[in-house]
Amino acid sequence: MRDRTGRECLYVPSCRFGLYLALRHWCRPGGRVLMSPVNDDVIFFVVLAAGLRPVQAPLNARDGSIDPAAVPDASWRSLSAVLTTNLYGNPDPAPALRDRCDTLGIPLIEDAAHAIGSQLPDGRPVGDYGDASVFSLSKHAGAKAGGFLTVADPARRSALEEARDDLLLPSRALSELAYALRPYAEASVRGLRLVRAARAVQRLLGLAEREAIRMPLRAAELERAVTGAPALGLFHSWVRVDMHTYRMAPGAARLRRSARLLDRLDERLAAHLDGTRRLLDSPWGAPGPGSGGSRGPGFVQPLFRVPLLVADRDAAIAALARRRITTGYLYDPPLDDYASALFTDPSPDPAPARWFARHALPADPLKAKQVLAVLRTDGIRPAEGAAAGLVGPYRDGTGG
Ligand SMILES: Cc1ncc(COP(=O)(O)O)c(C=O)c1O
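Residues numbered from 1 in each chain as written. Predicted model: local features only at pLDDT ≥ 70, side-chain atom pairs only at ≥ 80, totals over all residues. Heavy atoms only, no water.

**Regarding the nonpolar core**
- L23, F45 and L149 are the most contacted members of the largest nonpolar core, which has 50 residues in total.
- Summarising the domain contributions, this core has at least three residues from each of domain 1 (2-167) and domain 3 (264-377).
- Listed in part, the 29 residues of the second largest apolar core include V55, A94, Y129 and A360. (Core = buried A, V, L, I, M, F, W, Y, C linked by side-chain atoms within 4.5 Å. Buried < 20%, exposed > 50% of the residue type's maximum accessible area, 1.4 Å probe, protein only. Domains from an automatic or database assignment.)

Okay, structure coming up:
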């Protein structure tokens, strides 16, 4: 990762853990962080756990990126950090955000979980602008564990390493064994076509933490936790969702598999690029996501997911599910609608985020052919205006 990013790197057991470390390192408790409302709720709880107040940014409806020009001046002046999302691999406008942060003297932290292979219009990679940038090995690399915190100032690495080691929980033999066996268990479940049965058993055992897209907020408990922040432990039940080992020291099996998968990352990125191209060329592909802006119309990113824009997102998900294609990484409703003003400052203009969250169907580029075949066969309609590049929050009357 040092070779790849040209920066000092620190291994972390998950991207969420790395983001917590960065927020704790750069921001005093009680501060306010600009973030995207179309984001994993886990990251929202990480910001709260760091003792910080999330401030929801207005978004660009075309691709879900942060729209810096639409952030009111009073909001800018109140901030202690900016956290990007680079949703599905589509870069947030880091140069503009960097300029703002420099003017205000606050840090820019890049969440590069979805964007390990993405570039900005100026050709610089995502992760190159942040004081800290955090990558996840669970996404393109497919390691289901691990990540890297990279820092602009190498002198900061040792303090961050110490903070990491203080927060890590010891590795457990059983968890390492489960990690080593997981790919075989998953392949057998798939081979025996038991995916639905396995999910039902998980629900029965109370192991499924998300019945809906967003996890239950549990407002009264969350209010108590917020009073005790910063404290990762108080937020454990929210932050661990989808990855219970998020703060566990890695054992040998985890590190070996991560290293092997990282060695193959360029191959994976090439496959993501190929699938992204196919998906963006379809009637559901909007010109915004994945395309390179000023790098020209032919420039495409190896997106982690391609947010196809469909009129009826739930119908599309159901059609895919009937063919055993699961859709993940949905972030609807936006975080300000999910958490209310009790826990976050709402976006000054929530309509574009609502529109994008409702119409985006995150398609896996590695399954591009299958996904497109299902959408065609089932007559899934593009969101109005998507194919023509006319995406806007008001075009289908659902934006506001
Ligand atoms: C935008 C975003 N950032 C960060 C994360 C956290 O990554 P990790 O699972 O490695 O903690 C996720 C997880 O899906 C994510 O979607």
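**Comments concerning the sheet that holds strand β2 (residues 32-35)**
- Taken in spatial order, the seven strands line up as β1-β7-β6-β5-β4-β2-β3 in an open sheet, and their pairing is mixed. Looking at strand neighbours, the two that pair on one side only are β1 (8-12) and β3 (53-56), the edges of this open sheet. Taking the axes of each pair of neighbouring strands and ignoring which way they run, one obtains an average angle of 25° across the sheet.
- Bridge count between β1 and strand β7 (residues 147-151): five bridges; the pairing is antiparallel. For C9, the partnering residue across the bridge sits in β7 and is T150.
- The sheet strands contacting helix α5 (residues 94-104) are β4 (81-84) and β5 (108-111), and the helix crosses β5 at an angle near 155°. (Pairing = 2+ DSSP bridges. Helix = DSSP H or I, 4+ residues; strand = E, 2+ residues; numbered from the N terminus. Axes fitted to C-alpha atoms, helices over the stretch in contact; angles between N-to-C directions. Contact = heavy atoms within 4.5 Å.)

**A closer look at a nonpolar patch on the surface**
- Residues L174, L177, L181 and Y184 make up a contiguous nonpolar surface patch of roughly 480 Å² in combined accessible area.
- Its place among the elements puts L181 in helix α7 (residues 173-191).
- By relative accessible area, which is 47% here, L181 ends up partly exposed. (Patch = residues over 30% accessible without salt bridge, like charges linked within 9 Å, V, L, I, M, F, W, Y side chains within 5 Å. Areas by Shrake-Rupley, 256 points an atom, 1.4 Å probe, with all protein chains shown as cover. Salt bridge = Lys/Arg side-chain N within 4 Å of Asp/Glu carboxyl O.)

**Things to note about the site of the ligand**
- Near the ligand, the surroundings consist of 14 residues, among which R16, D111, H114, S136 and Y331 are the closest.
- Contacts to the ligand include D40, whose side-chain N or O atom sits 3.3 Å from an oxygen atom.
- In the environment of the ligand, an oxygen atom lies 3.2 Å from a nitrogen or oxygen atom belonging to the side chain of K139.
- In isolation the ligand offers 400 Å² of accessible surface; the protein chains occlude 97% of this area.
- Here the shell around the ligand is built from residues that sort into six nonpolar, four polar and four charged. (Near = heavy atom within 4 Å. Polar contact = N/O pair within 3.5 Å; in protein donor to acceptor, adjacent residues only side chain to side chain. Nonpolar A, V, L, I, M, F, W, Y, C, P; charged D, E, K, R; others polar.)

**A look at the side chain of S80**
- Examined against the element boundaries, S80 turns out to sit in the loop between α4 (73-78) and β4.
- Excluding residues within four positions of it along the chain, S80 makes contact with C27, G31, R32, I106 and P107.

**Topic: the pairing of strand β6 (residues 132-136)**
- Of all five residues in β6, five are buried; the element is thus mostly enclosed.
- Burial along β6 is two-sided: A132, V134 and S136 and S133 and F135, pointing in opposite directions, are all buried.

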